[in-house]
Amino acid sequence: MQDAPQKPDEPRNAWMREAIRLSMESVETGGGPFGAIVVRNGSIISRGENRVTTANDPTAHAEIVAIREACHTLGSFSLTGCELFTSCEPCPMCLGAILWSRLDRVWYANTRDDAAAIGFDDSAFYDEFTKPIDARRIPMSQLLQDEAQSAFVVWQQSDVKTPY
């Protein structure tokens with residue numbers, strides 16, 4: 001007897017269920033309700049759950065944790081060829097990490113509106129990006145640009161740099 005052919009969405013659904021399971025595990029251990037996994041070539045290469053409050057690290061979102069672990073596992077800062085499954089639409093910080101890591105695709109379950117409804121509202125962050133620097137909530141002032149340019153010049157001329 002032949003096995004029934006696997007439906008195209010079945011692996012994706014299973015991977016999303018793992019991200020959702022991690023979000024539940026995070027809640028049960030005192031973290032936020034977020035989980036994420038990175039998949040490459042049909043296999044999970046990393047898992048992440050929200051560790052913001054448990055690690056006292058505001059950057060320890062599930063997506064960031066999963067991206068860091070995936071990069072460590074692969075020995076590369078590039079996650080080209082990988083997909084992220086996350087229990088919630090990524091926040092602006094996570095979206096930045098997703099773009100920098102060059103993930104091929106993101107799958108998410110809950111939306112940012114769902115997250116906002118339970119107290120995880122990122123709208124202020126999205127709004128902040130559209131403001132000029134001098135109108136932002138946290139004052140930002142430039143200092144010593146001329147001196148700082150020296151590192152840029154040296155990097156640009158370096159023969160041992162790794163472009164990214």
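Structural data are supplied above this passage.
These lines cover the structure that appears in this document, whether it is placed above or below.

Thresholds applied
Residues numbered from 1 in each chain as written. Predicted model: local features only at pLDDT ≥ 70, side-chain atom pairs only at ≥ 80, totals over all residues. Heavy atoms only, no water. Helix = DSSP H or I, 4+ residues; strand = E, 2+ residues; numbered from the N terminus. Expected span 1.5 Å × (residues − 1). Buried < 20%, exposed > 50% of the residue type's maximum accessible area, 1.4 Å probe, protein only. Arc of directions from axis to C-beta. Contact = heavy atoms within 4.5 Å. Core = buried A, V, L, I, M, F, W, Y, C linked by side-chain atoms within 4.5 Å.

Moving on, we come to helix 1 (residues 10-28). Taking 1.5 Å of rise per residue, the 19 residues of helix 1 would be expected to cover 27 Å, and the 27 Å separating its terminal C-alpha atoms lies within 8% of that figure. All of the buried residues along helix 1 are Trp15, Met16, Glu18, Ala19, Leu22, Ser23 and Ser26. Buried residues of helix 1, seen end-on, are gathered within an arc of 145 degrees and therefore sit on one face of the element. Among the exposed residues of helix 1, those pointing more than 90 degrees away from its buried face are Arg17 and Glu28. In this fold, the buried residues of helix 1 make contact with strand 1 (35-40), strand 2 (43-49), strand 3 (82-88) and strand 4 (105-110). Gly30 sits one or two residues past helix 1 and shows a positive phi near 95 degrees.

Now for the nonpolar core. Within soluble globular proteins, side chains that are nonpolar tend to cluster in buried spots. Of all hydrophobic cores here, the largest spans 20 residues; its most connected members are Val38, Ile67, Leu79, Cys82, Leu84 and Leu103. With 6 residues, helix 2 (residues 62-74) is the largest single contributor of residues to this core. The residues touching Leu84, leaving out its near neighbours within four places in the chain, are Ala36, Ile37, Val38, Glu63, Ile98, Leu103, Arg105, Val106 and Trp107.

The next thing to look at is helix 3 (residues 92-101). For helix 3, the complete set of buried residues consists of Pro92, Cys94, Ala97, Ile98 and Ser101. Buried-residue contacts for helix 3 involve helix 2, strand 3, strand 4 and helix 5 (123-130). With its phi angle positive at about 65 degrees, Arg102 sits one or two positions after the end of helix 3.

Function cannot be read off these values alone, since they describe shape.
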